[in-house]
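Observations on chain architecture
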Amino acid sequence: MPPVAADFNKAVWVLTNLVGNAMRYTDPGGTITVRIRQHGKRLFFSVQDTGTGIPKEQQEKIFRKYVQVSGDGRKGGGGVGLGLAIAKDIVMAHGGEIWVNSEIGKGTTFTFTFPVYQENKSVALPEGEQEVDQEGG
């Protein structure tokens, strides 16, 4: 698997957040599966669970700040609804995408992408700043 063009700690944070959410919504005996695959110049990370699922009307909102899935599927104390919003910000800042597929009673799959690292690829900086390559030159 090629290296991902992302900050390692931030990529791990996104994956950890999604696995933690899956654990919170999946009953004992359920399954949580993490997959990574490459397609072209992108790596696809997915976290799939057999948990309670997310209602369709909430799926469009869950990546917004302070939005939480309602219902009785949550185990233990929840957060304030920032995890998925932060995950989306991190993924998008790295040029990736994040989305959800879910069905009530059957589970949820969160998928996000990061670009594959390409050596000597230039990084565009905000207007007025000098362009540098990823090796720091």
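Before going into details, it helps to say that this report is about the structure given with it. Predicted model only: the values in this text are computed from it and were never measured.

Let's shift gears to the overall build of the chain. When its secondary structure is counted, the chain shows three helices and six strands. The helix and strand sequence of the chain, counted from the amino end, reads α-β-β-α-α-β-β-β-β. Residues classed as buried in the chain amount to 33% of the 137 residues present. Within the chain, contacts between residues at least 6 apart in sequence are counted, and of these 58% link residues at least 24 apart. A total of about 8600 Å² of accessible surface is found on the chain, and carbon and sulfur atoms cover 52% of it.

Bringing the pattern of salt bridges into the picture now. Per the stated rule, a full pass over the model turns up one salt bridge. Put simply, E103 and K106 hold a salt bridge, and the shortest N to O gap is 3.6 Å. With relative accessibility at 57%, the residue K106 sits in the exposed group.

Every buried residue belonging to helix α3 (residues 83-93) is among L84, A85, A87, I90 and V91, and all of these are buried. Looking at the buried side of α3, the elements it contacts are α1 (8-25), β3 (98-103) and β4 (107-115). The first or second residue beyond α3 is G95, which carries a positive phi of 80°.

Bringing a nonpolar patch on the surface into the picture now. A grouping of M23, I32, V34 and I36 is seen on the molecular surface, where their side chains present a nonpolar patch of about 330 Å² in accessible area. Broken down by element, the nonpolar patch gets its largest block of residues, three residues, from strand β1 (residues 32-39). Tracing the backbone shows I36 in strand β1. By relative accessible area, I36 is classed as partly exposed at 42%.

Before going further, it helps to examine the environment of F44. Looking at the element boundaries, F44 is found in strand β2 (residues 42-49). According to the relative accessible area criterion, F44 is buried, its value standing at 14%. It is 9.4 Å that separates the C-alpha atoms of F44 and G96, two residues lying 52 residues apart in sequence.

What follows is about the pairing of β2. Most of β2 is tucked away: six of the eight residues are buried. Across eight bridges, the pairing between β1 and β2 is antiparallel. Opposite R37, over in β2, you have F44 as the bridge partner. Counting the residues in the hairpin turn of β1 and β2 gives two residues, including G40, whose phi is positive at 65°. Note: β2 against β4, eight bridges, orientation antiparallel. Counted as the bridge partner of D49 is T108 from β4.

Criteria and cut-off values
Residues numbered from 1 in each chain as written. Predicted model: local features only at pLDDT ≥ 70, side-chain atom pairs only at ≥ 80, totals over all residues. Heavy atoms only, no water. Helix = DSSP H or I, 4+ residues; strand = E, 2+ residues; numbered from the N terminus. Buried < 20%, exposed > 50% of the residue type's maximum accessible area, 1.4 Å probe, protein only. Contact = heavy atoms within 4.5 Å. Areas by Shrake-Rupley, 256 points an atom, 1.4 Å probe, with all protein chains shown as cover. Salt bridge = Lys/Arg side-chain N within 4 Å of Asp/Glu carboxyl O. Patch = residues over 30% accessible without salt bridge, like charges linked within 9 Å, V, L, I, M, F, W, Y side chains within 5 Å. Pairing = 2+ DSSP bridges.

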